[in-house]
Amino acid sequence: MNETRIRHWTVERLEKFLWQAADNLRGVMTASGYHEVIAPLLLLKRVSDQPGLLTVPDRARWSHIVANPRTELGDALNKALSALEQSNKRELDNLFDPIDFNRKPGQAELVKLVNHFGQLDLSDEYLEFGDVLGHAYDSFLGRAMSLTGKRGGEFYTPRAVCRLMAELVEPQAGQNVYDPCLGSGGMLLQAIQYASERDGAGGELALYGQEKNSSAWFMGRMNLLLHGIADASVSGTDSLAEPLYAHDGSLKRFDRVLTAPPFSMNYAKDEVRHPERMRYGWTPEGAKKADLMFVQHVLASLRPDGVGAVVTPHGVLFRGGSEADIRRGFIEDDRLEAVIGIGPNVFSNTNLPACILVVRGTQGPPADRRGRVLFINAEHEVAAERAQNRLDPQHVEKIADAFLGWKEIPGFSRIVSLEEIEANDFNINIRRYVVDDPPAEPLLDVEAALTGGIPWREIKPEVERFKAFGIDLDELVVPARPGYRDFYAEGYEATAARIPELTAAQEQQLMLSSRMWWQRQNDLFTDLAGTNDLFTSGTRSHLRRTFCEELLPLGILDYHQVTGAFAAWWSDHRDDLRTLSHKGFAGVVDRWDAARPIRPEHRLPDLPLDLGRSRVLDTLGNDLCSRVEQLLVTERQRLIDTYRSWGERYATSMADLGRQYEAAESELRARMADLGYDWPL
């Protein structure tokens, strides 16, 4: 493997490289400890290859490390980390305390790892972006933690959940952001990414974190450092027992707090400093009910106009006793803005559904939201997989859009007054306020079942859906007696088979509209290529809005389908778009070519600018349009399924069955007579 001949390391290639490194650790340590070996080696190689990131003494340089005998590699690596820390006390103080290469993984594995990392050149010249290391390492962490089950999931929050949390609290340049249960650092990383995409000033966020578990503390700090974030303040302390303090000794407060505390923890009341944080009460000690203690810590840590989001188990929404008193207290004080239910099996440390509480500082929510709470039931907004469900970008988009727009969506979100919550004894179980069960199938029409026909009351609700696809119901059913329609003589299955032909013209119109819309955006992408402004110029919001304006009037797809398709497309091509923004169309072509297993000497010559531009825009546009087409196929199938359901219910009536019975009886009678028997026997 000679990866250094590749023009650029992408996230995907580097993550693959890290997993190849981890293969050397299988059988000698569990996946939960991979990061304690991989991350220090990655950091040492990076700072050796790229001058200026940190002060690197000779002892910490990769060339010095590999010059040591094989039997002394562990000691050489320990001394390299110690020397690097001593030369960069502000950024690395105590960071490598949990690491000892003489203890693990073992001499043979260590030699293989050092040789493996020796193939890398991690100077900026070979990295697609400066933060490629961080993104690749974060993806590596997610995969490693998923292999460890509950143990790893306790410290690794799925990045889609972190992204959702960031979109809910909307961190802005100049603010300070805090995660009291840092884990692997995902919340702070997503806050930075959100702010960067919003206004290009993500680096201006002041980041703070706490994490009492030493292994997770190392994981989170290294993750931030490999993302190029060296100035985050991360304390290895218990946020419940010892919160962060300001210079004057008072409790430190923040503009934004977002966190996913470990579920169902114990705590010791006599160890809690600043007990005034728990102004709404105390949960029982030793009962694994610290969840609302973390919520109160978040509330106390917010500035008066601050916004927080905290993940909790569903039990905190309805359990009684002291927990009910705590809920009542912060709800009556108008500190709760939203309750968002997340589907089951999204977190690897629990199969149960979780929820997100969006809370406010002492000023409460904006004036137009006071005295009310938004409930969002997003339990079905997941992609179901065998091992673990997943929040996809379209799910995040729908949830965040409902919250930020303060929208009521039938079966999904509802605004509830504090008076109604009080009437329910401050039980805020989401399904009490928003039920997302699919509508029940209408009761069988007895007359239609007996004598035939389709009741109009079942057809009428679907008329507009068929019409959006260009289908007049007269093309599917014929008039019958008042209040009923009937099937064509060809039979309902034959009619159902004709539906794709009937929808074809309208589907073609929608696809033409999506392609024409994309063509109109080509100049926008051309103007932004190579400017570094694609993510900071409002491009995403412009594209999303105009995409909706183009497709929604046709009535085939709804708002959430269109915005969801766009969100998934944008997320899947984020790195392509970043390359386009930084390096233009030629950079994207290079990126795609580098991802293919082609030897450098067999690489195609650089495309002329116009051809490179066409290739990139055609590829991106075709992918977006294919997502629209997939939605079309799904919606068309829904039409077919609806029509077939009418046939399954009403195509054969009791009268039809009676006639069929009489015909069969007559045929049997004639046959028996031919055989010389009288009927009945």
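Thresholds applied
Residues numbered from 1 in each chain as written. Predicted model: local features only at pLDDT ≥ 70, side-chain atom pairs only at ≥ 80, totals over all residues. Heavy atoms only, no water. Helix = DSSP H or I, 4+ residues; strand = E, 2+ residues; numbered from the N terminus. Buried < 20%, exposed > 50% of the residue type's maximum accessible area, 1.4 Å probe, protein only. Contact = heavy atoms within 4.5 Å. Areas by Shrake-Rupley, 256 points an atom, 1.4 Å probe, with all protein chains shown as cover. Lys, Arg positive; Asp, Glu negative; His and termini not counted. Charge placed at Lys NZ, Arg CZ, Asp CG, Glu CD. Salt bridge = Lys/Arg side-chain N within 4 Å of Asp/Glu carboxyl O. Polar contact = N/O pair within 3.5 Å; in protein donor to acceptor, adjacent residues only side chain to side chain. Pairing = 2+ DSSP bridges. Axes fitted to C-alpha atoms, helices over the stretch in contact; angles between N-to-C directions. Expected span 1.5 Å × (residues − 1). Bend = angle between axes of the 7 residues up to and from the residue. Disulfide = S-S within 2.5 Å. Core = buried A, V, L, I, M, F, W, Y, C linked by side-chain atoms within 4.5 Å. Parallel < 35°, antiparallel > 145°, perpendicular 65-115°, else oblique. Left-handed = near helix turned anticlockwise from the far one by under 90°. pLDDT = per-residue confidence, 0-100.

> Go over the overall build of the protein with me, naming the residues and quoting the values.
Helix and strand content of the protein: 25 helices and twelve strands. With the principal axes as the frame, the protein shows a C-alpha extent of 105 × 70 × 60 Å. A total of 681 residues make up the protein; the buried ones form 53% of that total. Taking all contacts inside the protein whose residues are at least 6 apart in sequence as the whole, residues at least 24 apart take part in 75%. Accessible surface, the protein as shown: approximately 30,200 Å² in total, 49% of it carbon and sulfur. Placing the 78 positive and 100 negative side-chain charges of the protein at their respective mean positions leaves the two points 3 Å apart.

> Go over the pattern of salt bridges, please, and point to the residues and values.
Under the definition given, this model contains 49 salt bridges. The salt bridge involving Lys89 is made with Asp93; its shortest N-O contact spans 3.0 Å. With its nearest N and O atoms 3.2 Å apart, the salt bridge here joins Arg545 to Glu549. Of the two residues, Arg545 and Glu549 are both situated in helix H21 (residues 539-551); the distance of four residues between them amounts to about one turn of the helix. Salt bridges linked by common partners bring Glu12, Glu128, Asp131, Asp575, Asp576, Arg578 and Arg591 together as one network.

> How would you sum up the side chain of Arg465? Please name residues and give values.
Looking at the secondary structure, you find Arg465 in helix H18 (residues 463-468). Here Arg465 falls in the buried class, since its relative accessible area comes to 18%. Only 2.7 Å separates the side chain of Arg465 from the side chain of Glu462, close enough to count as a polar contact. At a separation of 2.8 Å, a polar atom in the side chain of Arg465 contacts the side chain of Thr642.

> Please provide a residue-by-residue account of the sheet that holds strand S12 (residues 484-487), values included.
Reading across from one edge, S10-S12-S11 is the order of the three strands in this open sheet, with antiparallel pairing throughout. The open sheet has two edge strands with one neighbour each: strand S10 (454-455) and strand S11 (477-479).

> A description of the sheet that holds strand S6 (residues 336-342) should follow, citing residues and the corresponding values.
In space, the nine strands of this open sheet follow the order S3-S2-S1-S4-S5-S7-S6-S8-S9, with mixed pairing throughout. A single partner strand is all that each edge strand has here, and the edge strands are strand S3 (233-235) and strand S9 (413-417). The average undirected angle you get between the axes of adjacent strands in this sheet is 15 degrees. Packing of helix H9 (residues 159-169) onto the sheet brings it into contact with strand S4 (254-259), strand S5 (302-313), S6 and strand S7 (354-360), and relative to S5 it is tilted by some 155 degrees.

> Help me get a handle on the pairing of S6, residues and values and all.
For S6, a buried count of seven out of seven residues is recorded, marking the element as mostly surrounded by other parts of the structure. In the sheet, S6 pairs with S7 via six bridges, with the strands oriented antiparallel. Opposite Val339, over in S7, you have Leu357 as the bridge partner. Two elements, S6 and strand S8 (residues 372-378), share five bridges in a ladder whose sense is parallel. Note that in S8 the partner of Ala338 across the bridge is Leu374.

> Pulling in residues and values, what's your account of helix H1 (residues 11-22)?
Look at H1: 16 Å from first C-alpha to last across twelve residues, which is about the 16 Å you get at 1.5 Å a residue. Inspection of H1 places Val11, Arg13, Leu14, Glu15, Phe17, Leu18, Trp19, Ala21 and Ala22 among the buried residues, and these make up the whole buried set.

> Describe helix H20 (residues 499-528), naming the residues involved and giving the relevant values.
Taking 1.5 Å of rise per residue, the 30 residues of H20 would be expected to cover 44 Å, and the 43 Å separating its terminal C-alpha atoms lies within 8% of that figure. At Ala505, H20 shows its largest bend, some 40 degrees. One or two residues past the end of H20 sits Gly530, with phi positive at roughly 75 degrees.

> How would you explain the state of the cysteines if you had to name every residue and give the values?
Scanning all chains against the criterion turns up zero disulfides. Free cysteine: Cys162, not disulfide-bonded; nearest cysteine sulfur from Cys181 at 12 Å.

> Kindly report on the nonpolar core, identifying the contributing residues and their values.
Soluble globular proteins tend to bury their nonpolar side chains together. Ranked by size, the top nonpolar core spans 108 residues in total, and within it Phe117, Met222 and Ile356 carry the most contacts. Counting residues per element, this core draws most heavily on helix H2 (residues 34-49), which supplies nine residues. Ile459, Leu528, Val562 and Leu624 belong to the second-largest nonpolar core, a separate cluster that totals 56 residues.

> For the packing of H2 against helix H11 (residues 214-226), give the residues involved together with the corresponding values.
Viewed as axis vectors pointing N to C, H2 and H11 meet at an angle of 30 degrees, and their least axial separation amounts to 11 Å. As the angle between them shows, H2 and H11 are arranged roughly parallel. Handedness of the H2/H11 crossing: left-handed. Contacts between H2 and H11 involve His35, Glu36, Ala39, Pro40, Leu42 and Leu43 from the former and Ser215, Phe218, Met219, Met222, Leu225 and Leu226 from the latter.

> I'd like a rundown of the environment of Arg515, residues and numbers included.
With respect to the helices and strands, the residue Arg515 is situated in helix H20. Classification of Arg515 as partly exposed rests on a relative accessible area of 43%. Residues Arg515 and Glu211, 304 residues apart in the sequence, show an inter-C-alpha distance of 49 Å.

> Run through the confidence of the model for the protein, naming residues and quoting values.
Summing up the model confidence of the protein, the mean pLDDT is 89 and the portion of residues at 70 or higher is 92%. Confidence, read as mean pLDDT per element, is least for helix H8 (residues 150-153) in the protein (54) and greatest for S4 (98). Counted against residues more than four places away or in other chains, residues 1-6, with its pLDDT under 50, gives 15 contacts.

> Could you give me a rundown of unusual backbone geometry, with the residues and numbers involved?
Looking along the chain, the bond that leaves Lys104 and enters Pro105 is cis, with omega of 15 degrees. Residue position: Pro105 is located in the loop between helix H5 (89-92) and helix H6 (107-117). At Asn345, a position not held by glycine, the phi torsion is positive, near 60 degrees. Position of Asn345 among the secondary structure elements: in the loop between S6 and S7.

> Could you give me a rundown of the packing of H20 against H21, with the residues and numbers involved?
The interhelical angle for the contact between H20 and H21, taken along N-to-C directions, is 160 degrees, at an axis separation of 10 Å. By the angle between their axes, H20 is roughly antiparallel relative to H21. Viewed along their axes, H20 and H21 form a crossing whose handedness is right-handed. Facing H20, whose interface residues are Leu510, Ser513, Ser514, Trp517, Arg520, Gln521, Leu524, Phe525 and Leu528, H21 presents Thr539, His542, Leu543, Thr546, Phe547, Glu550 and Leu551.

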